[in-house]
Amino acid sequence: IYIADWYNPIIQHGEVDFRDERRDREHGRIWRVTAKDRPLVQKPAIVGQPIESLLALLKSNEEWVRLFARLELKGHDRTEVQSATHAWVQALDPTNPMVEHHRLEALWVFQTIDTPDAALLDACLASPEYRVRAAAVRVLSQWRERMPERNVQETFAELVKDANPRVRLESVRALGALATPQAADAAMSLLDTPMDAFLDHAIWLTLRELAPAWLPQVDANTMTFVQNPDRL
C-alpha cells in the first residue's frame, strides 16, 4: 500500500491558478507499507501468455491478477477461448470450496469475450453461493436481449424472492430495464420480503424507471398492485 501525504496552504480547487506561487511543489511524504515477515505478492506473467495459462490465473487470490487475465483472454481468438473455458469449467473440482467462485470467473470470461453462455449462466443463477447468484443476475440483465429463448422477466421475478437480500437487490434493479407493467408488478413482490434502506431505494428507482409502463394502468385502475393499499 502506498500512502501519499501532501499539504498545501491553499485550497486545491480550480479557482486558484495552477501557477500560483503558494502551491507547494517541494514538500510531501510517501510511505510504502508492507506486511512484516511476509514476502511480497509476485506479479505473474500475463501479457502474451497462452489461453490455458491465463485460465489457470483465474484461481489466483489476487483480484488484479484475475481481472487482467480475463482482459488478456479478450485478445485471443474468441472460439478458442470459448472452447478452452468450457473445458476448464468441466475440469473444476466440485469438492473445492472455491468452485462456485471459479465458475463465476468463467462466466465473467464469457462476458469479457462478449459471448453469452446459457448453461454456465444457469449454473451460476442456481449457485448455493449468494454472491455468485447476485453476480449472475447482473450478467443476465446485460445479456437479456441476446437470449430470446429465456423468459428473463420470469427469472428476475423469481429471484426477487431470493433468500438473500443482495440477490433480491440485483433482481429488482434488473426488472427496471424491462419496460413492462408485469415487471413493475414483479418488482412489487419485493415488499413481501424483509426490507432495508438499500432495497427500499432500489425498488423506488425501479418503479420510477418503469413508470411509463405502469402509471397509465394505475390511472385506468387495471394495475394489479392498485388493489393492495400497502403496495400502492
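What counts as what
Residues numbered from 1 in each chain as written. Predicted model: local features only at pLDDT ≥ 70, side-chain atom pairs only at ≥ 80, totals over all residues. Heavy atoms only, no water. Core = buried A, V, L, I, M, F, W, Y, C linked by side-chain atoms within 4.5 Å. Buried < 20%, exposed > 50% of the residue type's maximum accessible area, 1.4 Å probe, protein only. Helix = DSSP H or I, 4+ residues; strand = E, 2+ residues; numbered from the N terminus. Contact = heavy atoms within 4.5 Å. Axes fitted to C-alpha atoms, helices over the stretch in contact; angles between N-to-C directions. Parallel < 35°, antiparallel > 145°, perpendicular 65-115°, else oblique. Left-handed = near helix turned anticlockwise from the far one by under 90°. Nonpolar A, V, L, I, M, F, W, Y, C, P; charged D, E, K, R; others polar. Expected span 1.5 Å × (residues − 1). Polar contact = N/O pair within 3.5 Å; in protein donor to acceptor, adjacent residues only side chain to side chain. Patch = residues over 30% accessible without salt bridge, like charges linked within 9 Å, V, L, I, M, F, W, Y side chains within 5 Å. Areas by Shrake-Rupley, 256 points an atom, 1.4 Å probe, with all protein chains shown as cover. Salt bridge = Lys/Arg side-chain N within 4 Å of Asp/Glu carboxyl O. Arc of directions from axis to C-beta.

Participant: Pulling in residues and values, what's your account of the nonpolar core?
Facilitator: Leu107, Leu121, Phe156, Leu175 and Trp214 are the most contacted members of the largest nonpolar core, which totals 59 residues. For this core, the leading source of residues is helix α6 (residues 130-143), giving eight residues. Residues in contact with Phe156, not counting those within four places in the same chain, are Val137, Leu140, Ser141, Ser171, Ala174, Leu175 and Leu178.

Participant: Describe the packing of α6 against helix α7 (residues 152-159), with residues and values.
Facilitator: The contact between α6 and α7 brings their axes to 11 Å, and the two run at 160°. By the angle between their directions, the pair α6 and α7 is classed as roughly antiparallel. The two elements α6 and α7 meet at a crossing, and its hand is left-handed. Residues Val137, Leu140 and Ser141 of α6 form the contact with α7, whose own contacting residues are Val152, Thr155, Phe156 and Leu159. Tallied by class, the residues present in the contact of α6 with α7 amount to five nonpolar, two polar and no charged.

Participant: Explain helix α10 (residues 197-219) to me, using residue names and the numbers behind them.
Facilitator: Side chains three or four residues apart in an α-helix point the same way, a direct result of the helix having 3.6 residues per turn. With 23 residues, α10 extends only 28 Å from end C-alpha to end C-alpha; this falls clearly short of the ideal 33 Å at 1.5 Å per step. Every buried residue of α10 is listed here: Leu199, Ala202, Ile203, Thr206, Leu207, Leu210, Ala211, Ala213 and Trp214. Here the buried face of α10 lies against α8 (165-175) and α9 (181-188). The N-cap of α10, judged by a side-chain oxygen 3.0 Å from the amide nitrogen of Phe198 a few residues on, is Asp196. Where α10 terminates, the next one or two residues include Asn221, which has phi positive at roughly 60°.

Participant: Summarise a nonpolar patch on the surface; cite the residues concerned and give the values.
Facilitator: Together, Ile1, Ile3, Trp31 and Val33 give the surface a local cluster of nonpolar side chains, amounting to about 400 Å² of exposed area. Mapped onto the fold, Val33 is located in the loop between β2 (29-32) and α1 (51-56). Assessed through its relative accessible area of 41%, Val33 is described here as partly exposed.

Participant: I'd love a proper account of the side chain of Ser189, names of residues and values included.
Facilitator: Tracing the backbone through its elements, the reader meets Ser189 in the loop between α9 and α10. What Ser189 contacts, discounting residues up to four positions off in sequence, is Val160, Lys161 and Arg231.

Participant: Please provide a residue-by-residue account of helix α5 (residues 118-125), values included.
Facilitator: Inspection of α5 places Leu120, Leu121, Cys124 and Leu125 among the buried residues, and these make up the whole buried set. Down the axis of α5, the buried side of the element spans an arc of 140°, and every buried residue falls inside it. Looking at the buried side of α5, the elements it contacts are α3 (78-90), α4 (99-112), α6 and α7. In this structure Asp117 caps α5, since a side-chain oxygen of it lies 3.4 Å from the backbone nitrogen of Ala119.

Function cannot be read off these values alone, since they describe shape.
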